[in-house]
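An overview of the molecular structure
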Amino acid sequence: MKICKNYINGEWVESVSGKTAPTYNPANGEILAEVVQSGLEDVERAVAAAKTSFYETRDWRDMDSQTRGDILLKIADLIDKNRDELARIESMDMGKPLREAEGDVDDALHCYRYYAGLIKAPYGGVYDVNEGFGKMHSFTIHEPVGVVALISAWNCLVFLVCSRMTSTIWLPMVYTGFRLVMGSWKIAPALAAGNSIIFKPASNAVMSNVKMFEILEEAGVPKGAANLILGPGGSVGEALASHKDIGMVTLTGSTAVGQSIMRCAANNVKKIGLELGGKSPNIIFADVDLEAAVEWAMIGIFFNQGEVCCAGSRIIIEESIHDAFVKRFAERANAMTIGNPLDNPDMGPVVSESQLRDVLSYVQKGLEEGATLVCGGERFTEGECAKGYFMRPTIFDHCTPDMTIVREEIFGPVVTIQTFKTEEEAIAMANDTDYGLAGGVFTHQLERAIRVVKEVRAGITWVNAFNPTFNEAPWGGYKMSGIGRELGVHGLEEYQEIKQVNINLTPGAPGWYEH
C-alpha cells in the first residue's frame, strides 16, 4: 500500500505522530493509499524549513530569473513526461473522466511555462515626481512576500480555533474538483515570484499533489523552498493561517472557511488570497442556437460532476423558449453515460461518499421546497457503479429565488432553472446572490451581450460559452466569492510586494531648517 508522506526541507518524511488515514477511489470505494496525518509539530517543521530557505540560505529567492525560469520549464517538461501517470492518478483519486484529467495535466504544465516566461518580462515603473526635496529618481521594484502558505480544500469538516478569537468554528471545506490544476495555479506563480512555500492540499485526493512534489524535487527546486503538508485541514489550516512567520496565506475553498482564514490571518495582518464559493448564473436569451445553448449548459454544470467552483448552477432562461430548452436539456442529460472515470464516460463519481450525501440532501431540500424535479435526483447504482459514489445529472425546474438549491452552493451535478421576461429582470435575478465568481450570457446580439456582461457582478464571464479558463487571464470573484486574483500577470503580483525606491540625485543638505 502506497503511503503518501510530507515533503519538508527536501526530504520525504512521515508525520511526527506517525498516524495515517486512507484515501479512497470514489469509483469503487476501495483504498488507494494511506496519507500521513500532520499536526502542529509538522507545521512548525515546514515553517522552519521555508523560513530558513527564504531568509538564510536564499538559494531560491536570490536565484536569477533565467535560472529560476529554467527550473519552472523543467517542471513543465517533467509534467509532460509523466502526463499519462498524472492523468490516471487524478482520474482515480478525484473521479473525473480521464479525458478531463488529461486536460488538467495540460493546463498545469502550461501554467508553469507561462510563469517561467512572465518573470523575465519587464515590470515596475519609473515616476516623474516633484522636486520639493531635491531631484529624485523614483521607481518601484517587485519582491517576493516571503514564506507563503497555499491551502487547497475539499469537503472535510474543519475545526478552526483562531488564537485571540473567542469562537470555535466547525466549517465544511468545499473545493476543489481540480486538484492538480488548482495546485499549479498557486505553486507556479508563488515559486516564480521567489517565495518559499508550504502547500497544504485537501485531506482526501492528495495523490497527484504528491506526484507533483516528486517532480519539483527532480526538477531541482532547492530544499526548503517547496514544502508539502498532508492531513486534516482543521488544526493544520489554523496553524498555517495564524502563524507569525508566514507572510501570506491563500485558500481555494468555501466562503465560510475563507472567512475563518481571514480571522486567523488577522493575528499578524498577513496578506491573503481567497478563491471561494460560487452560485453562478447562466443567462440564456431567446435568440440563441438552442442546441448550442443546451450543450454549453451541460458543460457549465455537469463537467467534472458539477464539482466546479464556477459551475453554471443557476440557469436563467427567457420565458418564450423555456419549454423547448428544458425538454432538450433533459433529453441530453438523461442520455449522458456514467461509469468508471478511466473508461471516459460523460460523468464519473463525485469525490467522496460524504459529498454524495450532501448532494442528495440538497435534492431532498429542493423537493420539500416545491421545485419540480425534471430528471435525476438520485444515486446511480447500475452495474459496477453500485459500490461507487455516482450521482445522476439532476435538473430542477420552476425554481424561486428563495429556495435553498438556488441560494446555496451544492457542488455537484445539480442545476436550477428560473425564467425571465425582460433583460432587466434577468440581470436582477443573476445578481440576486451573495456570490460573484462567474456568469454566462447566451445571445446573438453583441450589444446586448456586452451590456448584460457589464451588469453581472462576477469576476469571470463568458458570452456564448461557459467554463473555459486560460493561464493568461485573471481568475477570481466579487462579493463573497473571494479576494484577489489567480493566473495572468495579476496572479504573479498576488505573491509579490511592491517597494517604492527614491534616489536623491542632488545629494547634500536640503536646507529645510535654514529659515
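Above this text sits the structure in question.
Think of each chain on its own: its residues are numbered from 1, step by step along the sequence as written. Residues qualify for local features only when their pLDDT is at least 70, as the model is predicted, and side-chain atom pairs are given and counted only at 80 or more; totals for whole chains, interfaces and linings, by contrast, use all residues. Only heavy atoms go into the side-chain values, all of them from the structure, while hydrogens and water stay out.

Quick notes on helix H7 (residues 233-242)
Applicable threshold: Each residue is placed in one exposure class: buried if its accessible area under a 1.4 Å probe, protein chains only, is under 20% of its type's maximum, exposed if it is over 50%, and partly exposed if it falls in between. Only DSSP runs of H or I covering at least 4 residues are called helices, and only runs of E covering at least 2 are called strands; the numbering of each starts at the N terminus.
Taken across its 10 residues, H7 has 9 buried, putting it largely inside the fold. Taken together, the buried positions of H7 are Gly-233, Gly-234, Val-236, Gly-237, Glu-238, Ala-239, Leu-240, Ala-241 and Ser-242.

As for the sheet that holds strand E18 (residues 394-397)
For clarity, the cut-off: Being paired, for any two strands, means DSSP has found at least two bridges between them. Axis lines are fitted to C-alpha atoms, over the contacting stretch for helices. Their N-to-C directions set the angle, which ranges from 0 to 180 degrees. Two residues form a contact once any of their heavy atoms are found within 4.5 Å.
Across the sheet, 7 strands lie side by side as E17-E18-E19-E16-E15-E21-E22; this open sheet has mixed pairing. Of all strands in the sheet, those with a lone pairing partner are strand E17 (372-375) and strand E22 (460-463), marking the two edges. Mean inter-strand twist for the sheet, computed between neighbouring axes without regard to direction, equals 20 degrees. In terms of strand pairing, strand E21 (residues 438-442) meets E22 through 4 bridges, oriented parallel. Its bridge partner being in E22, Val-441 is matched across the sheet by Val-463. Packed onto the sheet, helix H11 (residues 353-368) meets E17, E18 and strand E19 (414-420) and runs at close to 20 degrees relative to E18.

A look at the nonpolar core
To keep it simple, the criterion reads: To qualify as a nonpolar core, a set must consist of buried Ala, Val, Leu, Ile, Met, Phe, Trp, Tyr and Cys residues joined through side-chain atoms within 4.5 Å.
Formed by 100 residues in total, the largest nonpolar core has its most connected members in Ile-75, Tyr-112, Leu-216, Phe-325 and Phe-329. The element best represented in this core is helix H4 (residues 98-118), accounting for 11 residues. Setting aside residues no more than four positions away along its own chain, Ile-75 makes contact with Tyr-112, Met-212, Ile-215, Leu-216, Ala-219 and Val-221. Grouped together as the second largest cluster of nonpolar side chains are 26 residues, Ile-198, Ala-241, Ala-265 and Leu-276 included.

Here's the deal with a nonpolar patch on the surface
How we decide: Patches here are clusters of residues that have more than 30% relative accessible area and form no salt bridge, with a 9 Å joining cutoff for like charges and a 5 Å cutoff for nonpolar side chains (Val, Leu, Ile, Met, Phe, Trp, Tyr). The accessible surface values rely on the Shrake-Rupley method and a 1.4 Å probe; as for residues, cover is taken only from the protein chains in view. Salt bridges, as used here, are contacts in which a Lys or Arg side-chain nitrogen is within 4 Å of a carboxyl oxygen on Asp or Glu.
A contiguous nonpolar patch, built from Met-1, Tyr-24 and Ile-31 and spanning about 320 Å² of accessible area, is present on the exposed surface. Its place among the elements puts Ile-31 in strand E5 (residues 31-36). Looking at Ile-31, the relative accessible area reads 39%, which means it is partly exposed.

Observations regarding the side chain of Thr-443
The test is simple: Any N or O atom pair separated by 3.5 Å or less is treated as a polar contact, with the protein-specific requirement of one donor-capable and one acceptor-capable atom, and with residues adjacent in sequence counted only for side-chain atom pairs.
Following the sequence through the fold, Thr-443 ends up in the loop between E21 and helix H14 (446-455). What makes Thr-443 buried here is its relative accessible area of 2%. A polar atom in the side chain of Thr-443 sits 3.1 Å from the side chain of Arg-448. Those residues within four positions of Thr-443 in sequence are excluded, and the remaining contacts are Phe-285, Asp-287, Val-288, Arg-448, Ala-449 and Asn-464.

Describing empty space enclosed by the protein
We count it as follows: In this analysis a 1.4 Å probe is tested at points of a 1 Å grid over the protein atoms alone, and where it fits but cannot get out there is a cavity; an open set with protein on both sides within 12 Å along at least five of seven lines is a pocket; lining residues have an atom within 4 Å of a point. Grid points are joined across faces, edges and corners, and a volume is the space filled by probe spheres set on the points. Residues were grouped as follows: Ala, Val, Leu, Ile, Met, Phe, Trp, Tyr, Cys and Pro as nonpolar; Asp, Glu, Lys and Arg as charged; and all remaining residues, including Gly, as polar.
If you walk through the whole model with that rule in mind, you get 5 cavities of 30 Å³ or more. Here the largest cavity defines a volume of roughly 100 Å³. Lining the largest cavity are 16 residues; nearest its centre among them are Gly-273, Leu-274, Arg-485, Glu-486 and Glu-494. Listed by contribution, the elements that provide at least two residues to the lining of the largest cavity are strand E13 (248-252) and strand E14 (271-275). Its residues assigned to classes, the lining of the largest cavity comprises 6 nonpolar, 5 polar and 5 charged. Size it by volume and the second largest cavity reaches roughly 60 Å³. Looking at the second largest cavity, it is lined by 13 residues, and the ones nearest its centre are Ala-311, Ser-313, Glu-409, Ile-410 and Phe-411. Broken down by class, the residue content of the lining of the second largest cavity amounts to 7 nonpolar, 4 polar and 2 charged.

What to know about the sheet that holds strand E6 (residues 126-127)
The 3 strands are arranged E6-E7-E25 in an open sheet whose pairing can be described as antiparallel. The open sheet has two edge strands with one neighbour each: E6 and strand E25 (496-504). Alignment of E6 against strand E7 (residues 136-144), held across 2 bridges, turns out to be antiparallel. Opposite Val-126, over in E7, you have Phe-139 as the bridge partner.

Quick word on the packing of helix H3 (residues 83-94) against H4
Quick reminder of the rule: Note that the term roughly parallel is reserved for angles under 35 degrees, roughly antiparallel for angles over 145, roughly perpendicular for angles of 65 to 115, and oblique for everything else. In a left-handed crossing the near helix is turned counterclockwise from the far helix by less than a right angle, and in a right-handed crossing that turn is clockwise.
Packing of H3 against H4 brings their axes to within 8 Å, and their N-to-C directions diverge by 125 degrees. In terms of their interaxial angle, H3 and H4 are classed as oblique. The element H3 and its partner H4 pack so that their crossing is right-handed. When H3 is examined against H4, the residues Arg-83, Leu-86, Ala-87, Arg-88, Glu-90 and Ser-91 are found in contact with a partner set consisting of Leu-98, Ala-101, Glu-102, Asp-104, Val-105 and Asp-106.

Focus: the packing of aromatic side chains
Note the following rule: We call Phe, Tyr and Trp rings a pair once their centres come within 6.5 Å, taking the six-membered ring for Trp, and we label the pair stacked below 30 degrees between planes, edge-to-face above 60, and tilted otherwise. Here, a charge over a ring means that NZ of Lys or CZ of Arg falls within 6 Å of the ring centre while also lying within 35 degrees of the ring normal.
Scanning the entire structure with this criterion turns up 11 aromatic pairs. Counting every residue linked through ring pairs, the aromatic cluster contains Tyr-7, Trp-12, Phe-199 and Phe-213. The lysine or arginine in question, Arg-68, covers the ring of Trp-60, its NZ or CZ lying 5.8 Å from the ring centre. The cationic tip of Arg-448 hangs over the ring face of Phe-285; the distance from NZ or CZ to the ring centre is 4.1 Å.

Worth remembering: the numbers are spatial, not functional.
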